[in-house]
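# Descriptive structure summary
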Amino acid sequence: MSLPLSTEHIAQLKAFIELVDKQPSVIHHPQLAFFKNFLVKLGAKITSETTDKPKSETFTKPAEEPAEEPEPVSEESDVELDMTGVIEPDNDDPQPMGDYDLQPTDEQIEESHSKRSEAVSAFVEKDYEKAIKLYTEAIQLNPQASLLYAKRGQAYILLNKPNACIRDCDRALELNPDSAAAHKFRGRANQLLGKWEEAASDLRLACKFDFDEQADAWLKEVTPNARKIEEHKRKKERKALEREEKARRERIRLMREAQAKASEEAKQRQQAAGADAQFEGMPGAAGQFGQFLNDPEIQKAFQDPEVAAAFKDISSNPSNLFKYQSNPKIMSLINKISSKFDMGGMGGMGGMPGMGGMGGMPGMGGMGGMPGMGGMGGMGGMPGFPGAGADAGPKAPPKSNNFEDFNLD
């Protein structure tokens, strides 16, 4: 059984199927409704148009670029500091602090003063262990006395126990935030631990509340290191702000690019739809013109009002093609479209449905001659019609100024 289709028709059908395979959304074109219904009858499952749209039709949030690796920032240990006098931290169990809720009686307060006097004497004799023991007894008798904690903290410093001193001074400052002694000894303890900023802060406050030469001398020792660290932190903060601002600008740039791209794609789809409308009503237009209407170069060409008007003019009357033979812009686009339709023996614009009498003969190159009209020079006219070539067919009558030559009276 032979197919009732020519080779040319089979080639067109193959091209159409390839187009649908690459762009499934074409099947939803209104002019192809009959074909879509036919496929459904055969049992084909066709996805809805909304799920088959190109990804570009849906605005999606631009993919975030990989987070920029933060610049390696030097730690404080990388800052060149003078570590003279820094010692290893003590890790002893916390010392007794007394009953915070105890409200001492007058007798207890008096006995606490007595213990404190004994502790001062032991301290002067440099018996710091004994001094700490006596201060502890005084604290248990009167746990509300801020100075007792500060003085015991001083003794802990001399035993190279800065953490114990800090615990005592913290408690002293809870009871009296303006205690110059507590700030002074805690500042010294932080200095011994290499906590330069904390040390400088405490020693400044100590000198502010009650100037002390020893506190001032310690402050001068810690200030250079504290300033280096403070400057280092300011640089880190500045760089962090710069990176944050750079990332913000980059996010704005990506968002604007994505919006511009989406707008441009929407504009191109609208223009392509307008170009497709130029051929509305032409037999087979959706299937065959779909091959080139999606070509970016052709889409761009149809944005030119002159090109769009010319093709509309030609589609309304194919013989109007000759009006544009001398227009390289129009003819260049026609030749490009012709090459798109050059499938398995289709020559030039020959066989383009809907273009009226522009049907060329299969297998012939160029712009196939139009029935009843002279072929385009050098573009392969049909035998029997005048053309530009030597063998284009019978020549047209010679021009003459004698009316008798034209059988005119």
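Here the structure is shown first, and the text comes after it.
Read on for a plain summary of the structure. Just so it is clear, the model here is predicted, and its values are computed rather than measured.

### Some thoughts on the overall build of the chain
Across its full length, the chain holds 13 helices and zero strands. Counting from the amino terminus, helix and strand elements in the chain follow one another as α-α-α-α-α-α-α-α-α-α-α-α-α. Within the chain, the fraction of its 409 residues that count as buried is 35%. Taking the contacts inside the chain whose residues are at least 6 apart along the sequence as the reference set, 56% of them involve residues at least 24 apart. Summed over all atoms, the accessible surface of the chain reaches about 25300 Å², with 53% contributed by carbon and sulfur.

### Thoughts on a nonpolar patch on the surface
On the surface, Leu5, Ile10, Leu13 and Ile17 cluster together into a nonpolar patch covering about 340 Å² of accessible area. Relative to the assigned elements, Leu13 resides in helix H1 (residues 7-22). Taking the relative accessible area as the measure of exposure, Leu13 reaches 42% and is therefore partly exposed.

### What about the packing of aromatic side chains?
Taken as a whole, this structure holds one aromatic pair when the rule is applied. The ring of Tyr100 is capped by Arg171, whose NZ or CZ atom sits 3.6 Å from the centre of that ring.

### What about the pattern of salt bridges?
Taken as a whole, this structure holds 19 salt bridges when the rule is applied. The residue Arg186 makes a salt bridge to Asp202 at a minimum N-O spacing of 2.8 Å. With Arg186 in helix H7 (residues 180-192) and Asp202 in helix H8 (residues 196-209), this pair connects stretches of sequence that are 16 residues apart. The salt bridge involving Glu245 is made with Arg248; its shortest N-O contact spans 2.7 Å.

### Some words on helix H6 (residues 162-175)
Compared with the 20 Å implied by 1.5 Å per residue over 14 residues, the 20 Å span of H6 between its first and last C-alpha is a close match. When H6 is considered as a whole, its buried residues turn out to be Pro162, Ala164, Cys165, Ile166, Asp168, Cys169, Arg171, Ala172 and Leu173.

### A word on helix H4 (residues 128-141)
Over its 14 residues, H4 extends 20 Å from the first C-alpha to the last, a length consistent with the 20 Å expected when each residue adds 1.5 Å. Buried within H4 we find Tyr128, Ala131, Ile132, Leu134, Tyr135, Thr136, Ala138, Ile139 and Leu141. Buried residues along H4 sit in contact with helix H3 (106-124) and helix H5 (146-158).

### Observations concerning a negative patch on the surface
On the surface, Asp106, Glu107, Glu110 and Glu111 cluster together into a negatively charged patch. Take Glu111: it is sitting in helix H3.

### Focus on the packing of H4 against H5
Running from N to C, H4 and H5 cross one another at 160°; their axes reach a closest spacing of 9 Å. One way to sum up the angle between H4 and H5 is to call them roughly antiparallel. Handedness of the H4/H5 crossing: left-handed. For the pair H4 and H5, the contacting residues are Tyr128, Ile132, Tyr135, Thr136, Ala138 and Ile139 in the first and Leu148, Tyr149, Lys151, Arg152, Ala155, Tyr156 and Leu158 in the second. Across the contact of H4 with H5, the residue classes break down as 10 nonpolar, one polar and two charged.

### Description of the side chain of Asn327
Within the secondary structure layout, Asn327 lies in the loop between helix H12 (305-316) and helix H13 (328-340). The class for Asn327 is buried, based on a relative accessible area of 16%. Within the structure, the side chain of Asn327 is placed 3.0 Å from the backbone nitrogen of Lys329, a separation counted as a polar contact.

Procedures and definitions
Residues numbered from 1 in each chain as written. Predicted model: local features only at pLDDT ≥ 70, side-chain atom pairs only at ≥ 80, totals over all residues. Heavy atoms only, no water. Helix = DSSP H or I, 4+ residues; strand = E, 2+ residues; numbered from the N terminus. Buried < 20%, exposed > 50% of the residue type's maximum accessible area, 1.4 Å probe, protein only. Contact = heavy atoms within 4.5 Å. Areas by Shrake-Rupley, 256 points an atom, 1.4 Å probe, with all protein chains shown as cover. Patch = residues over 30% accessible without salt bridge, like charges linked within 9 Å, V, L, I, M, F, W, Y side chains within 5 Å. Salt bridge = Lys/Arg side-chain N within 4 Å of Asp/Glu carboxyl O. Phe/Tyr/Trp six-rings, centres within 6.5 Å; stacked < 30°, edge-to-face > 60°. Lys NZ or Arg CZ within 6 Å of the ring centre and 35° of its normal. Expected span 1.5 Å × (residues − 1). Lys, Arg positive; Asp, Glu negative; His and termini not counted. Charge placed at Lys NZ, Arg CZ, Asp CG, Glu CD. Axes fitted to C-alpha atoms, helices over the stretch in contact; angles between N-to-C directions. Parallel < 35°, antiparallel > 145°, perpendicular 65-115°, else oblique. Left-handed = near helix turned anticlockwise from the far one by under 90°. Nonpolar A, V, L, I, M, F, W, Y, C, P; charged D, E, K, R; others polar. Polar contact = N/O pair within 3.5 Å; in protein donor to acceptor, adjacent residues only side chain to side chain.

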